[in-house]
Amino acid sequence: MSLKLNNEFVRGFVADTDVEAIRPEIENALETVKNKDGAGNDFLGWYDLPVNYDREEYDRIKAAAQRIKNMCDVLIVIGIGGSYLGARAAIEYIQGNLYNNVAKDTPDIYFAGNSISTSALNDLLKICEGKDVCVNVISKSGTTTEPAVVFRVFRELLVKKYGEEEAKKRIFATTDKARGKLKELSDKIGYETFVVPDDVGGRFSVLTAVGLLPIAVAGVDLDQLMKGAQDARAEYTTKAFEDNECLKYAAYRNVLERSGKTTEILVAYEPSAQMLCEWWKQLYGESEGKDNKGLFPASVIFSTDLHSLGQYIQDGQRNIFETVLDIQGSNDTICVPFDEANSDGLNFLAGKEIHEINRTAMKATLYAHMDGGVPNIVVEVPDRSAYSFGYMVYFFELACAVSGYTLGVNPFNQPGVEEYKKNMFALLDKPDPSLDALKAELKARMAK
Ligand code: PA5
């Protein structure tokens, strides 16, 4: 079982000769990843991660997840960017976007520290009232302001509620193995810690403890998830270009970028894939958007967005293309009921599976958008299993690295993200001599 690329809706826009022309660059980019001799090569840990990970820590993640399940009603996962998107994407994709609202024997899981909104934080604090709570704080650097501020609030809450000793058992920290404030604090107090490996950047870290601990708490089979990633790695790092869907995806999107497209929209027809789209946007946006280059990664969930952004996609500026996730299987079967009176005139659909109607909407849209001048790359995904999720993670990560090198950027840094962080520290008067000049400059600009 694997992903399949359906090129029926992109063929009319990208000639086979264009794909053949870019092929050597794509193959070279894969070699650069494999040989670890390109820009950012100290952040290639994700490449081998499905087969080369810390087994002892992996078992500890499973054990900690079991303890968390036994101990709490609510797990608060604190992190931002790559330190939360992958876990949330997996939980919603596999367990459904209403995971917290459905009956289950695993804790509710809420994500915090991904904004600095007082009301969002206050709502979470209210949710925790009268509940048993655990916290997983995740920050590779251990210094990011948003999660650090929110962690202080939850640390205080847990200490007040349970006392220092018990709170200590309920807090799990995922961070650098040796550096950073979070590691220092964890060692001082004695939290159980998990490691974000040095050579794995935030947006490539879902298959480390960053993603795996919250995902395991949600009751997802980690072995299946890792197996999916392992099988994808075996396939995409060995198969020749003509049989390699991952390299072909990278080729299509780079040809389209060179032909003048500026925006790639990831499309899914399942609300449970919304956070997967957010994870994908971070992966591609932070990896490719630099040096004045890169496709702008956007996303939509159809068919709801067919009633909003659908108009633009059909008829607006022709600078876009779509990558459609065709999730073929459904976890559930619900059919349209038969109505004797047929007062809504819908009996022509009676007995039909709603999932099939959804897939028909997809096919109808593919033809409409193609006719409207929008190329569509279709990625066929068998189902919403943990295995398929793991497979997709590796597919998109490898395609991203290969695309980034083909585009001529370092796919593994994010210098742009640091700019606002520095400004924010300066404006908040963080005591740091290296910020003094910036503080003076920003104050002068604001005084004008
Ligand atoms: O991909 C990245 O590196 C970033 O999005 C980080 O994940 C994000 O900035 C959070 O950083 P940290 O985990 O250090 O708190």
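These numbers were taken from a predicted model, which means no experiment stands behind them.

Novice: Could you give me a rundown of the pairing of strand S8 (residues 296–301), with the residues and numbers involved?
Specialist: Of all 6 residues making up S8, 5 are buried, and the element is well covered by its neighbours. Here strand S7 (residues 263–268) runs beside S8; their pairing, made up of 6 bridges, is parallel. Counted as the bridge partner of Leu 266 is Ser 299 from S8. In terms of handedness, the path from S7 via helix H12 (residues 274–288) over to S8 forms a crossover that is right-handed.

Novice: Could you give an account of the layout of surface pockets, with specific residues and numbers?
Specialist: One number sums up the size of the largest pocket: a volume of about 770 Å³. Around the largest pocket, the lining is made up of 32 residues, and of these Ser 141, Thr 144, Gln 414, Glu 418 and Lys 421 lie nearest the centre. Taken together, the elements giving at least two residues each to the lining of the largest pocket come down to strand S4 (133–139), helix H6 (145–162), H12 and helix H16 (415–427). At 6 residues, H16 tops the list of elements feeding residues into the lining of the largest pocket.

Novice: Just give me the short version of the pattern of salt bridges, but keep the residues and values in it.
Specialist: Counted according to the given criterion, the structure contains 38 salt bridges. The shortest N-O distance in the salt bridge between Lys 227 and Asp 231 comes to 2.9 Å. Of this pair, Lys 227 and Asp 231 both sit in helix H10 (residues 222–236), 4 residues apart, which is roughly one turn of that helix. Linked through salt bridges whose partners overlap, the residues forming this network are Glu 56, Glu 57, Arg 60, Arg 67 and Glu 192.

Novice: Account for the nonpolar core, with residues named and values stated.
Specialist: One finds Trp 46, Trp 279, Leu 325, Phe 389, Phe 396 and Leu 398 to be the most contacted residues of the largest nonpolar core, which totals 102 residues. Sort the elements by how many residues they give to this core and helix H15 (residues 386–407) lands first, with 15 residues. Apart from the residues within four sequence positions on either side, Phe 389 is in contact with Gly 86, Ala 89, Ala 90, Tyr 93, Ile 94, Val 206, Leu 225 and Leu 276. Counting residues in hydrophobic clusters, the runner-up holds 21 residues, among them Ile 76, Val 133, Phe 151 and Ala 173.

Novice: So, the sheet that holds S8: which residues are in play, and what are the values?
Specialist: Taken together, 5 strands build an open sheet; the order of strands is S1-S10-S9-S7-S8 and the sheet is mixed. In this open sheet, the two strands that pair with only one neighbour each are strand S1 (4–6) and S8. This sheet shows a mean twist of 25° between the axes of neighbouring strands, independent of strand direction. Across the face of the sheet, helix H11 (residues 245–258) comes into contact with S1, S7, strand S9 (320–327) and strand S10 (376–381) while running at roughly 35° to S1. Running over the sheet, helix H14 (residues 354–371) touches S9 and S10 and is turned about 160° from S9.

Novice: Can you explain the environment of Asp 436? Please cite residues and give values.
Specialist: Relative to the helices and strands, Asp 436 is located in helix H17 (residues 436–447). Classification of Asp 436 as partly exposed rests on a relative accessible area of 43%.

Novice: Can you break down the packing of H16 against H17 residue by residue, with the values?
Specialist: Following both chains from N to C, one finds H16 and H17 inclined at 80°, their axes separated by 9 Å at the closest point. Considering the angle they form, H16 stands roughly perpendicular to H17. Across the interface between the two elements, Lys 422, Asn 423, Ala 426 and Leu 427 of H16 pack against Leu 438, Lys 439, Leu 442 and Met 446 of H17. Classifying every residue of the contact of H16 with H17 by side-chain character gives 5 nonpolar, 1 polar and 2 charged.

Novice: Any details on unusual backbone geometry? Residues and values, ideally.
Specialist: In most cases, non-glycine residues show a negative phi, while peptide bonds are predominantly trans. Of note, the bond from Phe 302 into Ser 303 is cis; its omega dihedral lies within 30 degrees of zero at 10°. The topology assignment puts Ser 303 in the loop between S8 and helix H13 (310–315). Of note in the backbone geometry, Asn 292 takes a positive phi value of approximately 60° without being a glycine. By secondary structure assignment, the location of Asn 292 is in the loop between H12 and S8.

Novice: Outline the environment of Tyr 420, listing residues and values.
Specialist: By the element assignment, Tyr 420 lies in helix H16. Spatially, the C-alpha atoms of Tyr 420 and Asn 7 are 40 Å apart, while their sequence positions differ by 413 residues. A distance of 2.5 Å separates polar atoms of two side chains, one belonging to Tyr 420 and the other to Glu 146.

Novice: Quick one: what's the story with the sheet that holds strand S6 (residues 192–195), residue by residue and with numbers?
Specialist: One open sheet holds the 5 strands; their spatial order is S3-S2-S4-S5-S6, and the pairing between them is parallel. On the outer flanks of this sheet lie strand S3 (108–112) and S6, each paired with one strand and no other. Mean inter-strand twist for the sheet, computed between neighbouring axes without regard to direction, equals 20°. Strand direction decides the pairing type here: strand S5 (residues 171–175) and S6, joined by 4 bridges, are parallel. Residue pairing across strands places Phe 172 opposite Glu 192, the latter belonging to S6.

Novice: I'd like a description of the state of the cysteines, backed by residues and values.
Specialist: Two cysteines joined by a covalent bond between their sulfur atoms form a disulfide. One pass over the structure, following the stated rule, counts 0 disulfides. Not engaged in a disulfide, the cysteine Cys 128 finds its nearest cysteine sulfur in Cys 72; these two sulfurs lie 9.6 Å apart. Overall, Cys 128 belongs to the buried group, its relative accessible area being 4%.

So, how was this worked out
Residues numbered from 1 in each chain as written. Predicted model: local features only at pLDDT ≥ 70, side-chain atom pairs only at ≥ 80, totals over all residues. Heavy atoms only, no water. Buried < 20%, exposed > 50% of the residue type's maximum accessible area, 1.4 Å probe, protein only. Helix = DSSP H or I, 4+ residues; strand = E, 2+ residues; numbered from the N terminus. Pairing = 2+ DSSP bridges. Right-handed = clockwise from strand over helix to strand, strands pointing away. 1 Å grid on protein atoms, 1.4 Å probe; cavity = no way out; pocket = protein on both sides within 12 Å on 5 of 7 lines; lining within 4 Å. Points joined across faces, edges and corners; volume = space filled by probe spheres on them. Salt bridge = Lys/Arg side-chain N within 4 Å of Asp/Glu carboxyl O. Core = buried A, V, L, I, M, F, W, Y, C linked by side-chain atoms within 4.5 Å. Contact = heavy atoms within 4.5 Å. Axes fitted to C-alpha atoms, helices over the stretch in contact; angles between N-to-C directions. Parallel < 35°, antiparallel > 145°, perpendicular 65-115°, else oblique. Nonpolar A, V, L, I, M, F, W, Y, C, P; charged D, E, K, R; others polar. Polar contact = N/O pair within 3.5 Å; in protein donor to acceptor, adjacent residues only side chain to side chain. Disulfide = S-S within 2.5 Å.

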